[in-house]
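Observations on the model geometry
Each chain is listed here by its residues.
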Amino acid sequence: MRILGADLSLDPSAGAGATLAVLDPGGSVAAIRHAANLPELAVAIAAATQSEPFLLGVNLPVVAHERPARARPVEGLVRRRLGYRLPTGGRTAREPRSGIGSDALLAALAAAGRPCFLYPDRDRRVSGLAEIHAGLVLKALLWEGSAAAREAGRSDREEAFRGFAAPAYRRSDARGRVGWAERAASLDLVVRALGRLDGYDLTPVEAALAAASSDHDAEIAGSTLDACLIAGTARRYLEAPESCCFLGDRESGYVILPADSLVRRLALRESRPAGAGLFPRGSLKARLGPAADVQPVGLLDVPGRPQRTEAVFHALPLYEFDNLDEMLWWKHCRHLAGPRLPTEGLHEMTVALGRDEGRGESIPSLRLLRSRHRTLSFRFEPPAAWRARVPTRDGRTYPFRVLRAVFETATAD
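**Comments concerning helix H4 (residues 134-144)**
Of all the 11 residues making up H4, 9 are buried; the element is thus mostly covered by neighbouring parts of the structure. For H4, the complete set of buried residues consists of Ala 134, Leu 136, Val 137, Leu 138, Lys 139, Ala 140, Leu 141, Leu 142 and Trp 143.

**Quick notes on the confidence of the model for the protein chain**
Residues with a pLDDT of 70 or more make up 89% of the protein chain, whose mean pLDDT is 87. Within the model, pLDDT remains below 50 along residues 272-276, and this stretch shows 3 contacts once partners closer than five positions in the same chain are excluded.

**Details of the nonpolar core**
In terms of nonpolar packing, the biggest core is built from 61 residues, with Leu 20, Leu 41, Leu 56 and Leu 229 touching the most fellow members. Among the elements that line this core, the one with the most residues is helix H9 (residues 215-239), at 10 residues. The residues contacting Leu 41, other than those within four sequence positions of it, are Leu 8, Ala 18, Leu 20, Ala 35 and Leu 105.

**Some thoughts on the environment of Glu 348**
In this fold, Glu 348 is placed in strand E14 (residues 346-353). Look past the residues within four positions of Glu 348 in its chain and what remains in contact with it is Arg 367, Leu 368, Leu 369, Arg 404, Ala 405 and Val 406.

**Quick word on the pairing of strand E3 (residues 29-35)**
Remark: a regular strand shows side chains that alternate across the two faces of the sheet. Pairing between strand E2 (residues 18-23) and E3: 6 bridges, direction antiparallel. Directly across from Thr 19, in E3, lies its bridge partner His 34. Between the antiparallel neighbours E2 and E3 lie 5 residues, among them Gly 27 with a positive phi of about 100 degrees.

**A short note on helix H1 (residues 38-49)**
For H1, spanning 12 residues, the distance from its first C-alpha to its last is 17 Å, which sits close to the expected 16 Å at 1.5 Å a residue. Within the sequence span of H1, burial applies to Leu 38, Leu 41, Ala 42, Ala 44, Ile 45, Ala 46, Ala 48 and Thr 49. Against the buried residues of H1 lie strand E1 (2-7), E2, E3, strand E4 (54-58) and helix H3 (102-111).

**Thoughts on the pattern of salt bridges**
Inspection of every chain in the model, using the stated rule, returns 24 salt bridges. Arg 170 is paired through a salt bridge with Asp 226; the nearest N and O atoms lie 2.4 Å apart. A residue pair is termed long-range when its members are at least 10 positions apart, and Arg 170 in the loop between helix H6 (157-162) and helix H7 (180-194) and Asp 226 in helix H9 qualify at 56 residues. Given a relative accessible area of 2%, Arg 170 falls into the buried group. A residue is classified by how much of its surface remains accessible, and Asp 226, at 6% relative accessible area, is buried.

**A short note on the side chain of Arg 265**
Locating Arg 265 in the fold gives a position in helix H10 (residues 261-267). In this structure Arg 265 comes out as buried when scored by relative accessible area, which is 17%. For Arg 265, the residues in contact, after removing those within four places along its chain, are Arg 157, Glu 158, Asp 322, Arg 334 and Thr 397.

**Comments concerning the sheet that holds E1**
Read from one edge of the open sheet, 5 strands run E3-E2-E1-E4-E5, paired in mixed fashion. With partners counted over all chains shown, the strands left at the sheet margins are E3 and strand E5 (128-131), one partner each. Strand-to-strand twist of the sheet, defined as the mean angle between neighbouring strand axes without regard to direction, takes the value 20 degrees. Strand contacts of H9: E1, E2, E3 and E4, with the helix running at about 145 degrees to E1, the strand carrying the most contacts.

**With respect to empty space enclosed by the protein**
Using the criterion set out here, one finds 2 cavities of 30 Å³ or more in the structure. In this structure, the largest cavity occupies an estimated 60 Å³ of space. Residue lining of the largest cavity: Ala 64, His 65, Arg 67, Ala 69, Ala 71, Arg 72, Pro 73, Gly 90 and Arg 91, and that is the complete set. Of the residues assigned to the lining of the largest cavity, the class counts are 4 nonpolar, 2 polar and 3 charged.

**Notes on the pairing of strand E11 (residues 318-322)**
E11 sits mainly inside the fold: 5 of its 5 residues count as buried. Side chains Leu 318, Glu 320 and Asp 322 project from E11 onto one buried face, and the interleaved Tyr 319 and Phe 321 project onto a second face that is buried too. For E11 and strand E13 (residues 333-337), the ladder comprises 4 bridges, and the chain directions are antiparallel. Its bridge partner lying in E13, Tyr 319 is registered against His 335. Pairing geometry for E11 and strand E17 (residues 397-410), over 5 bridges, is antiparallel. Residue pairing in the sheet places Phe 321 in a bridge with Tyr 398 of E17.

**What to know about the side chain of Arg 235**
Following the sequence through the fold, Arg 235 ends up in helix H9. Here Arg 235 is buried and forms no salt bridge, its nearest opposite-charge partner Glu 239 lying at an N-O distance of 4.7 Å.

**Focus on unusual backbone geometry**
The linkage connecting Glu 381 with the following residue, Pro 382, adopts the cis geometry, with an omega of -10 degrees. Among the secondary structure elements, Pro 382 is positioned in the loop between strand E16 (377-381) and helix H12 (383-387). A positive phi angle, near 60 degrees, is found at Arg 124, a position not held by glycine. Within the secondary structure, Arg 124 sits in the loop between H3 and E5. For Arg 124, a relative accessible area of 31% corresponds to the partly exposed category. Backbone geometry places Arg 393, a non-glycine residue, at a positive phi of 55 degrees.

Conventions and cut-offs
- Residue numbers restart at each chain and count upward from 1, following the sequence in its written direction.
- Per-residue local features are limited, in this predicted model, to residues with pLDDT of at least 70; the limit for side-chain atom pairs, both in listing and counting, is 80 or more; totals at the level of whole chains, interfaces and linings are taken over all residues.
- Water and hydrogen atoms were dropped before computing side-chain values, which therefore reflect all heavy atoms in the structure.
- Summary of the burial criterion: residues with accessible area below 20% of their type's maximum are buried, those above 50% are exposed, and those between are partly exposed, where the area comes from a 1.4 Å probe applied to protein chains only.
- Going along the chain from the N terminus, every DSSP run of H or I of four or more residues is numbered as a helix, and every run of E of two or more is numbered as a strand.
- By definition, pLDDT measures how confident the predictor is in each residue, and it falls between 0 and 100.
- Residue contacts are defined here by distance: any two heavy atoms, one from each residue, within 4.5 Å place the two residues in contact.
- For this analysis, a nonpolar core means a set of buried residues of the types Ala, Val, Leu, Ile, Met, Phe, Trp, Tyr and Cys, connected via side-chain atoms within 4.5 Å.
- Think of it this way: DSSP has to see at least two bridges between two strands before they count as a pair.
- In this scheme, a helix's expected span is set at 1.5 Å multiplied by one less than its residue total.
- Throughout this description, the term salt bridge denotes a Lys or Arg side-chain nitrogen within 4 Å of a carboxyl oxygen of Asp or Glu.
- To obtain an axis, a line is fitted to C-alpha atoms, over the contacting stretch when the element is a helix, and the angle between two such axes runs from 0 to 180 degrees between their N-to-C directions.
- Buried and open spaces are told apart on a 1 Å grid over the protein atoms alone, a cavity being a set of points where a 1.4 Å probe fits but cannot get out and a pocket being an open set with protein on both sides within 12 Å along at least five of seven lines. Residues with an atom within 4 Å of a point are the lining residues.
- Grid points are joined across faces, edges and corners, and a volume is the space filled by probe spheres set on the points.
- The classification used treats Ala, Val, Leu, Ile, Met, Phe, Trp, Tyr, Cys and Pro as nonpolar, Asp, Glu, Lys and Arg as charged, and all other residues, Gly among them, as polar.
- The sign given to each residue is positive for Lys and Arg and negative for Asp and Glu; His and the chain ends receive no count.

Shown next as structure tokens:
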């Protein structure tokens, strides 16, 4: 799959159009293309991808809910949880400065013979778009390389993350009359602060900065950085999805960004579970689908009592939890990969610590039993087996895969 990143937020008054970064299979930037308009951009994408499927990262609202609104739910989540303001992308929002919307982009790609989905295909079979905003990516990457991110024991890490902000290097972001030299200097500081990042090739940005001698050149250099950051994050999402965050959903809007354990905890913080109802057995089987074998635990169904149903997974759900005390609190768990585990009626889990998916009896497994606490949580059972692998209250984040789960189910009507 070919991976590309496009910056579509250029101010037309700057005298330039969109910037496209094309990555090679190793993740380096193979080419930088500048397009004056949308048809030129579509032709450049078609020429760079040929007949191969592609993932194109773009910094414009790709998905908007059908309900008329100025802002999308994901924009509120990013603002409240991560301290960053995305451009409004609801149905009633104004068009972006570039005049390019997602509908026009899809139509141009289809006209160029390269139709695609509105979201990435993790199987790499179908072309797709990925909404990625360079400013949010930059905030997350600067945090990852900071001294505060390495101090896991600090109690103010959330506040420290929200305080990270890069200097304005684009004319649309700079307040007041800021000349091209000041913006180029800010861009140079940003590039040096990022350093040599694994999976991000900033060599074209350095070359553009070295040749910058006008307002147009400074804007092109900033656009090149944004395109490279978008392309690198799109590749990171495909190659290492556990190091990224997919915030939002495909129906009302989403955004993809790099994320360490703190950023994932902030971004994917789950709301309070909506009750502890019981799944009908047929509904549970339909929900899990081919990812698990669902079978009853007991031999007989007792009328008036919930039935125990076991799900043994073929594709293991990958989660992570924050080790806060002697229990696993579901509100401090985050889904990373694999099928999403239903929580209604979830009574017991057998899990294996670690990200790597293993098979067979050699996997050391641990048990989690539903606690009686009103908030959805699970106790470590037995405690001694867990303490041998997870120190008590160390505040670290531990990934785990669910091997099997036991649900209390109601009889289907």
